[in-house]
Amino acid sequence: MTDHWDNLWVNGRFATMRAGAGPYGVIEPGALAAKAGRIDWIGPMSDLPRREARAVHDLGGRWVTPGLIDCHTHLIYAGDRAGEFELRLQGATYEEIARAGGGIRSTVKATREASEDDLVRGAGPRLAALAAEGVTTIEIKSGYGLDRANEIKMLRAARRLAESKGIRVRTTFLGAHAVPPEYEGRADAYMNAVIDDMLPAAHAAGVVDAVDAFCEKIAFTPAQTDRLFGAARRLGLPVKLHADQLSDTGGAALAARHGALSADHLEYADEAGIKAMAEAGTVAVLLPGAFYFLRETTLPPVRMLRRAGTAVAIASDCNPGSSPVTSLLLMLNMACTLFDLTPEEALAGVTRNAARALGLADSLGTLEVGKTADLAVWNIGRPAELSYRIGFNPLDRVVKNGGTSS
Ligand code: DI6
Ligand code: FE
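Residues numbered from 1 in each chain as written. Chains lettered and ligands numbered in written order. Predicted model: local features only at pLDDT ≥ 70, side-chain atom pairs only at ≥ 80, totals over all residues. Heavy atoms only, no water.

Novice: An account of the overall build of the protein is requested, with residue identities and associated values reported.
Specialist: A tally of helices and strands in the protein yields 15 helices and 16 strands. Relative to a compact globule of 406 residues, whose C-alpha radius of gyration would be 22 Å, the protein shows 21 Å and is just as compact. Here the C-alpha coordinates of the protein stretch approximately 70 × 40 × 40 Å along the principal axes. Per-residue burial for the protein yields a buried fraction of 57% across its 406 residues. The long-range fraction of contacts in the protein, counting pairs at least 24 apart against all pairs at least 6 apart in sequence, stands at 72%. Between the mean site of the 44 positive side-chain charges and the mean site of the 48 negative ones, the protein shows a separation of 3 Å. (Helix = DSSP H or I, 4+ residues; strand = E, 2+ residues; numbered from the N terminus. Rg over C-alpha atoms; globule rule 2.2 N^0.38 Å. Buried < 20%, exposed > 50% of the residue type's maximum accessible area, 1.4 Å probe, protein only. Contact = heavy atoms within 4.5 Å. Lys, Arg positive; Asp, Glu negative; His and termini not counted. Charge placed at Lys NZ, Arg CZ, Asp CG, Glu CD.)

Novice: Could you give an account of the site of ligand 1, naming the residues involved and the relevant values?
Specialist: Around ligand 1 lies a shell of 14 residues, among which Arg 81, Tyr 94, Tyr 144, His 177 and Ser 322 are the nearest. In the environment of ligand 1, an oxygen atom lies 2.7 Å from a nitrogen or oxygen atom belonging to the side chain of Arg 81. The side chain of Asp 317 places a nitrogen or oxygen atom 3.5 Å from an oxygen atom of ligand 1. Taking 320 Å² as the accessible area of ligand 1 by itself, protein coverage stands at 100%. Of the residues contributing to the shell around ligand 1, the split by class is four nonpolar, eight polar and two charged. (Near = heavy atom within 4 Å. Polar contact = N/O pair within 3.5 Å; in protein donor to acceptor, adjacent residues only side chain to side chain. Areas by Shrake-Rupley, 256 points an atom, 1.4 Å probe, with all protein chains shown as cover. Nonpolar A, V, L, I, M, F, W, Y, C, P; charged D, E, K, R; others polar.)

Encoded structure:
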């Protein structure tokens, strides 16, 4: 019968993460029904309508959250930078290493030498680690190819990898991540190539969901970023920005001016930039892994973000140089301990606000009727436990598109 549910989960405790629905948007004891991949009903057990379901699952009091969303990663790359880590421990800074031709450029060399298959294979364990902690949606950037063929190769690898693991993916073109060696000292000429050739080609190949740039003293200027964003918007592509990570370049305000989905990092963002973001609806994506791993001391302006009412997301920034992180739960912990977020804010940062940062808020990020039924089921006593523990994985199972899988 067509009005049957496909799956019904009963006796759960649901952290719906619905905005304005009280702490965590909790419903307990509650039930959730899925039909054709979407949430068809959610509410207290006492209100559950009598309707047949093909399968009924007893959650036994377990907590359920939206499937987690890692909205900022550089998951696809070849090689590693453990040697650079050792150099930094001896006193070299991230910027010094980058200026000496190491850093991002060393990953570019390894990534250019890798085949698409190599990239898919190499990133498999990293994606598996994130997925094992309940991640059902991920954003993956290019940015280690830095020429037309290699940027497209990275984006294709990202799509293939995610598809092979049943993870929803958004791929972001980050051709403007660093100036490649063949354009040494000619950043404007490289940006022309990005705008006139690489971005249109990647877009035509159908592998670009959004456009990002690294706006920083060691990367691209606000003027160059502005030109790129103009081009992206002419192609109808949303933009996002690595902004004010190592210095205040006015990145937050620039992102807001372009109606960016998100501005990310933001350690050095100023109040005007934060306010502009709030007005533009640009999400602040905080990346505690990079802050920690680079031993940064300037904290992102969390209180200012709260005051301005800017939505805050949290992500792994998984990359070989500044955040070799494959645990989103650890990022929840660090967002609380290092950045003073509450456990509820941290969880919103990998659900509701992460969905917004990817332009997916209509279908993901909260447990509400009509949204995609991507769920994470947890063996925990209360939601704060997700950010409290370190190095422990309480995931019971995930549900994708309303059907059970493990
Ligand atoms: N900011 C970062 O933290 C990463 N990229 C960026 O724009 C670092 C990437 C790397 O070092 O490989
Ligand atoms: Fe990043």
